[in-house]
Amino acid sequence: MTKSSKRPPAGLPDKDTLVAFLREAGSAEKTDIARHFGLKGGDRRALREMIRELEAEGRLGKRGRKGFSEAGALPPVGVADVIERDGDGELYVRLVEASPDAPHALLIPDKTKAAPGLGDRLLVKFQRGADGWEARLIKKLDVGTNRVLGVIRKSARETRVEPVDRRSKDMLLVPQAQSGDLRDGDLVLAAIEKGDQRYGPKRGKILEHIGKEDDPRAASLIAIYTHSIPTGFSEAVEREAEDQELPTLKGREDLRDVPFITIDPADARDHDDAVYAVRDEDPRNEGGWIVWVAIADVAAYVRPGSQLDREAREKGNSTYFPDRVEPMLPEVLSNGLCSLKEGENRACLAVRMVFDKDGRNTGHRFVRGLMRSHAKLSYEQAQAAIDGQTDDATGPIMEAILYPLWNAYHAMLKGRLKRSPLQIESAERRIRMAPDGGIASIEKRTSLEAHRLIEEMMIQANVCAAETLEQKKTPLIYRIHDAPSQEKIFNLADFLHTIGKPWNKGEPGTTKRFNKLLDETRDTEHADVVNEVVLRTQMQAIYSPENVGHFGLNLDRYAHFTSPIRRYSDLIVHRGLIRALNLGKDGLTDREIAELPAIAEQVTTTERRSMAAERDAMDRYIAAYLEEHIGATFAGRITGVTRFGLFIRLEDTGADGLVPVSTLGSEYFTHDDRAHALVGERTGKRFTLGRMVEVKLREATPVTGGLVFEMLSEPEPRDPNAPAPRYGIRGRGGDGPAMRGKNRPGGPKPRNGSRPSGGLKGVRKGKRK
């Protein structure tokens, strides 16, 4: 009988028991095993011998320096890297510092957390599944710090990855074995290799080949990968979406005779809201109006707990780029069954609102219905009709549909003006794509009354949703917008002092007070900068199950109800209404109610992620458009002042770029943060926030979206109220050593296109409020 087959001494577990213990524990050191089984003296020596035998048999493996685990097993909790994405979009992780033959695990993400991407390092919980190991996400670790999206730069001796992130300074050196099939200009996703390297470029490995640097769609691709925007759908979700059936009248109110119409951008592919208005014939409401808003009934197709629901929750919202959309729902739903197409029956959740002649909402009710859109119009088309230029689509519906809509809006407008929401004007730009994928033009978006009509009707529908859920004591996710902080008000007051507009620091920042300031400066040279500084003073809107009201809209309660095709928050509100009003069995579940705080945090995160990706893509498209105009001069406005330079926004394109302080001349400039100015220490001449200037384009880097300008305008004269300048005096708000002009030896130079924290940026209008 061999030694390995002898019966273990009394008290010592047999091999199967020991392996079973390690399988349950994940891993353990010898002392922990001995303590668990109560082993002492000779039993401990026998345990060491048994462990050596099990290692030799391939049943146990090392875990760390002293630990042991079942061979091929993973610990209950561990740190893992995302290393692979399969054809269905599923992600796989591998335990950090695992042996090469260690098993990979299918990542089961937590839908309440931001979605991970290739190269991310995660803390996960491992468990055996029916088809192998699974890893459940606990949280991300060092998000984005160990992966780099970049462009291949090849030389005769080496291949490097140049990051597309303008804030990154590190290039990665790629092993020759990985670079054979790569070409100069290829877009790749790479991971930083861990190690003790102290000098020279960091080492990296290629995770994924994405495209080409000069691909017209590169700007969107870079933004998608940089911000980990989920793309596509799994086969299971696509099948589930395709298996949905056309709606019927069962359990619905027949609204097909109500002449709803949709009014959307000319290039819109989905239509999630429709409107109709008619004069109220009730003699008690003389001059009043009935306004209907019908919204696609997404809840009828995307049910709680389904695959569709899980992926929609993970995405959080659709993300829009000039050349593509990454939708929250598969196209068969977003552009099909959930799109309110002209002449086709569609399931809807509709609200009937009654307004008096002064625009006050006197009552409303929600119905789950079946509707049929009577016309599909663009904003421009509807506005042209109201302005007297009808066409084949608008001419026949002027009297019955369009005039009543506009008359109802004008009544609602009285209530809006009395409410006095914040009246910030933000100039948006639109990129028009050419058929070949290039950029045809960059245009200012025109704000039409048709836009404002739809916006106000959607706002009122959102208010009705929040009020109804509160009345029915059904929990919901609010869209909240807090009042500006005292610190922001103080900063605003400091700036306004520099342009002679007094604001008492103890004065509360109400919407009426902000609007008074905007009205007072609207036709002055300071109009644009005051508008942007007021914008910067505002807090960010978020989602929350706790209500604090919506400051910008000046509303006590507000929820998002009107865009469930592209926002998961709205789908949750729809389900809440279905539950509260007993409109079906697919309403909000008890489990979802318990998870509302996590859902609110998730959709806030995904919305910000999408906004950042959309903004970055716009920057890159604009840089690509302007690359052909290097050396040209442009009119622009100073929209940001920092110690390292001036941020300029061009008037025509809305492009944002930097004038480095090192190019402003031979004088030292210091940053006066209270005056929002760069001030010359010798002469006191200034470059101030909001000033119109002329600049020359020096650099345009499409892959990073960076623009660098040269200042052509002279600085303004010294402020006569400021102390007399003398060399070496720092500005009042100086935040460090003064930055010198072009003659400063070794003066720091910012990276192309870097943007200051708190720099002024526009905001999207309309449905994102």
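Criteria and thresholds
Residues numbered from 1 in each chain as written. Predicted model: local features only at pLDDT ≥ 70, side-chain atom pairs only at ≥ 80, totals over all residues. Heavy atoms only, no water. Helix = DSSP H or I, 4+ residues; strand = E, 2+ residues; numbered from the N terminus. Buried < 20%, exposed > 50% of the residue type's maximum accessible area, 1.4 Å probe, protein only. Contact = heavy atoms within 4.5 Å. Areas by Shrake-Rupley, 256 points an atom, 1.4 Å probe, with all protein chains shown as cover. Pairing = 2+ DSSP bridges. Axes fitted to C-alpha atoms, helices over the stretch in contact; angles between N-to-C directions. Parallel < 35°, antiparallel > 145°, perpendicular 65-115°, else oblique. Left-handed = near helix turned anticlockwise from the far one by under 90°. Nonpolar A, V, L, I, M, F, W, Y, C, P; charged D, E, K, R; others polar. Salt bridge = Lys/Arg side-chain N within 4 Å of Asp/Glu carboxyl O.

> Quick one: what's the story with the overall build of the protein chain, residue by residue and with numbers?
Counting its secondary structure elements, the protein chain contains 17 helices and 34 strands. Taking all 769 residues of the protein chain together, 51% fall into the buried category. Within the protein chain, residue pairs in contact and separated by at least 24 positions form 68% of the contacts whose partners lie at least 6 positions apart. Accessible surface for the protein chain amounts to roughly 36100 Å². Of this, 47% is attributable to carbon and sulfur atoms.

> Any chance you could break down the sheet that holds strand 30 (residues 669–672) for me, citing the residues and the numbers?
One open sheet accounts for three strands, arranged 30-31-32; its pairing is antiparallel. With partners counted over all chains shown, the strands left at the sheet margins are strand 30 and strand 32 (686–688), one partner each. Taken pair by pair, the neighbouring strands of this sheet meet at an average axis angle of 20°, ignoring direction. Here strand 31 (residues 677–680) pairs with strand 32 via three bridges, running antiparallel. What sits directly across from Leu-678, in strand 32, is Phe-687.

> Go over unusual backbone geometry with me, naming the residues and quoting the values.
The backbone phi angle of Ser-420 is positive, close to 60°, even though this residue is not glycine. Among the structural elements, Ser-420 can be located in the loop between helix 10 (398–419) and strand 23 (429–433). Note on Ser-420: relative accessible area 9%, which makes it buried. Notably, Asn-554 is not glycine yet its phi reads approximately 55°, a positive angle.

> Kindly report on the packing of helix 6 (residues 235–242) against helix 7 (residues 307–315), identifying the contributing residues and their values.
One way to put it is that helix 6 packs onto helix 7 with a least axis distance of 8 Å and a crossing angle of 120°. For the element pair helix 6 / helix 7, the angle class is oblique. For the pair helix 6 and helix 7, the crossing hand works out as left-handed. Of helix 7, the residues touching helix 6 (which contributes Ala-236, Val-237, Glu-240 and Ala-241) are Gln-307, Leu-308 and Glu-311. For the contact of helix 6 with helix 7, the per-class residue count stands at four nonpolar, one polar and two charged.

> How would you explain the pairing of strand 34 (residues 706–711) if you had to name every residue and give the values?
Consecutive side chains of a regular strand alternate in pointing toward one face of the sheet and then the other. By the criterion of burial, strand 34 is predominantly enclosed, with five of the six residues buried. Both strand 33 (residues 692–701) and strand 34 contribute to a ladder of six bridges, which runs antiparallel. Note that in strand 34 the partner of Val-695 across the bridge is Met-711. Counted between consecutive antiparallel strands, the loop separating strand 33 from strand 34 contains four residues, among which Gly-705 sits at a positive phi close to 80°.

> Can you break down the pattern of salt bridges residue by residue, with the values?
Under the definition given, this model contains 41 salt bridges. A salt bridge links Arg-430 to Asp-267, with the nearest nitrogen and oxygen atoms 2.7 Å apart. Of the two residues, Arg-430 sits in strand 23 while Asp-267 sits in the loop between strand 15 (261–264) and strand 16 (273–279), which places them 163 residues apart along the sequence. The closest approach of N and O atoms between Arg-445 and Glu-428, which form a salt bridge, is 3.8 Å.

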